[in-house]
Amino acid sequence: MRNNKLHTPEGVKDYLPNENSVKIELERRIEKIFKEASYESVKTPTFEYVEVFEGKGSFDTKQMYKFLDRDGSVLSLRCDMTPAIARVAATSYEVSEIPLRFSYFENAYRYNENYQGKLREFTQAGIELIGVNSTDADGEVISIAINSLLACGIDNFEIYIGHVEFFNGIIEEVSDDEVLRKSIQEAIVKKDYIELENMVRSLNIKSGLKEILIDMPLLIGKKDILVKVAALTESKKAKQAIEKLLDLYSLISDYGLSDYISFDLGMVSGLDYYTGIIFKAYTHKTGFSVLDGGRYDNLINKFGANFPSVGFAMKMNDLISALENQNKIPSVEKTETLVMYTAGGRKIAFETMNELRNQGVSIENNLFGDDVNKTICYAKTN
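A short tour of the structure in this document, coming up. (Residues numbered from 1 in each chain as written. Predicted model: local features only at pLDDT ≥ 70, side-chain atom pairs only at ≥ 80, totals over all residues. Heavy atoms only, no water.)

**Some details on helix α10 (residues 316-325)**
Then, in step 1: Regarding α10, the residues found buried are Met-316, Asn-317, Leu-319, Ile-320, Ala-322 and Leu-323.
Then, in step 2: In the core, the buried residues of α10 are packed alongside α1 (17-36), β6 (121-130), α3 (135-151), β10 (277-283) and β12 (309-315).
Then, in step 3: Just downstream of α10, Asn-327 is the residue with a positive phi angle, here 55 degrees. (Buried < 20%, exposed > 50% of the residue type's maximum accessible area, 1.4 Å probe, protein only. Helix = DSSP H or I, 4+ residues; strand = E, 2+ residues; numbered from the N terminus. Contact = heavy atoms within 4.5 Å.)

Right, here's the structure in full:
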């Protein structure tokens, strides 16, 4: 029988000093980028009423950790920061105060199945730009995402950007059958090319439209892919989405960051949540995104305020894994000085330690008394 007091539950972990120091260092670097762009830090409760999160995220609500308060209210551990910040914006700010720029570093909690290999307690670092619906706002958020990844020491990465209105415009030309639309969307998300092609080939639609749908999981590339696809569709909505992406490309180019972005017109997950751009960051030697974001103009409406919004969340645990895989874990400052003293010199030793610590030097106090050999052995080991 397992002794539970010696183990942690599935999906949570301890952070020993070295790993925790790396995490803190990365958060410090990211926080510097956020502050330089005037994003103010906010904190929200670890648990809230379940209504804050239900139906208000791009995650499955079955993953929420729910429990009863003593008064019978259903509460939930924070499963995502964005709905919590949406509640804060709607209840604490007026239209006259927008735009709002918020940043955060918080743990979130989701019940992920063991086989998924994901933590159930994980750290999100992100920003939300609230109150503005424009390409300028989208570009600002993406530029901060890029600079945050660069600050962490990752330079071999790509941010893939899509637009939910591209898929919506294309699918509206295909059929008004909601079941068929969902089936096509699922095939694109899963990159099930055979199933997708079989469905599309059976439809009585124009050849150009068929070509776009069949190739949608592969419509990935730089600016040229947008120009190519725009010529294949007659959908006004899809063309407008491409125009917005082209404008965004131009803006990111002015930031000097266009080398880090590509476009993925087959990015169609979370369509019930996102309303405009949607983006994910991938880096070398990882099979998962380390950063997710997008525009969600309808979320804050659910809390009673009409504030369009765009933001992103960095997945700190996945980011650290990516850095480990790339052998790019940042070095962190360690204590390099140990003060040894005898009883007679203790007062002077303490004064010296205090003076050096006031100057920013990390000093470790020796606890082996005047045992020189033991002290030297300990110092060498550490």
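**Focus on the layout of surface pockets**
Then, in step 1: Looking at the second largest pocket, its volume works out to about 250 Å³.
Then, in step 2: Every residue lining the second largest pocket is listed: Tyr-160, Ile-188, Val-189, Lys-191, Ile-220, Asp-264, Gly-266, Met-267, Val-268, Ser-269, Lys-280 and Tyr-282.
Then, in step 3: Listing elements by their share of the lining of the second largest pocket, those giving two or more residues are α5 (178-190) and β10.
Then, in step 4: Class assignment of the residues belonging to the lining of the second largest pocket gives a composition of seven nonpolar, two polar and three charged. (1 Å grid on protein atoms, 1.4 Å probe; cavity = no way out; pocket = protein on both sides within 12 Å on 5 of 7 lines; lining within 4 Å. Points joined across faces, edges and corners; volume = space filled by probe spheres on them. Nonpolar A, V, L, I, M, F, W, Y, C, P; charged D, E, K, R; others polar.)

**Points about a nonpolar patch on the surface**
Then, in step 1: On the surface, a cluster of nonpolar side chains totalling about 230 Å² of accessible area is made up of Met-340, Val-372 and Ile-376.
Then, in step 2: For Val-372, a relative accessible area of 42% corresponds to the partly exposed category. (Patch = residues over 30% accessible without salt bridge, like charges linked within 9 Å, V, L, I, M, F, W, Y side chains within 5 Å. Areas by Shrake-Rupley, 256 points an atom, 1.4 Å probe, with all protein chains shown as cover. Salt bridge = Lys/Arg side-chain N within 4 Å of Asp/Glu carboxyl O.)

**Focus: the nonpolar core**
Then, in step 1: Residues Ile-161, Phe-166, Ile-184, Met-216, Phe-312 and Leu-319 are the most contacted members of the largest nonpolar core, which totals 70 residues.
Then, in step 2: Excluding anything up to four places from it in sequence, Leu-319 contacts Ile-30, Leu-149, Cys-152, Ile-154, Val-290 and Met-314.
Then, in step 3: Ala-89, Ala-90, Leu-100 and Phe-307 belong to the second-largest nonpolar core, a separate cluster that totals 29 residues. (Core = buried A, V, L, I, M, F, W, Y, C linked by side-chain atoms within 4.5 Å.)

**Some points on the pairing of strand β11 (residues 291-295)**
Then, in step 1: Taking burial as the measure, the five residues of β11 include four buried ones, the bulk of the element.
Then, in step 2: Pairing of β11 with β12, which is carried by five bridges, proceeds in the antiparallel orientation. Across the sheet, Leu-291 pairs through a bridge with Met-314, a residue of β12. (Pairing = 2+ DSSP bridges.)

**Overview of the packing of aromatic side chains**
Then, in step 1: As enumerated under the stated definition, the model contains twelve aromatic pairs in all.
Then, in step 2: Look at Tyr-93 and Phe-102: their rings are 5.5 Å apart centre to centre, the planes differ by 55 degrees, and that puts the pair in the tilted class.
Then, in step 3: The exposure class of Phe-102 is buried, given its relative accessible area of 3%.
Then, in step 4: Between Phe-368 and Tyr-378 the ring centres are 5.5 Å apart and the planes differ by 65 degrees, which places this aromatic pair in the edge-to-face class. Within this pair, whereas Phe-368 is found in the loop between β14 (363-365) and α12 (372-381), its partner Tyr-378 is found in helix α12, the two being separated by ten residues in sequence.
Then, in step 5: On the accessibility criterion, Phe-368 (33% relative accessible area) is partly exposed.
Then, in step 6: Overall, Tyr-378 belongs to the partly exposed group, its relative accessible area being 27%. (Phe/Tyr/Trp six-rings, centres within 6.5 Å; stacked < 30°, edge-to-face > 60°.)

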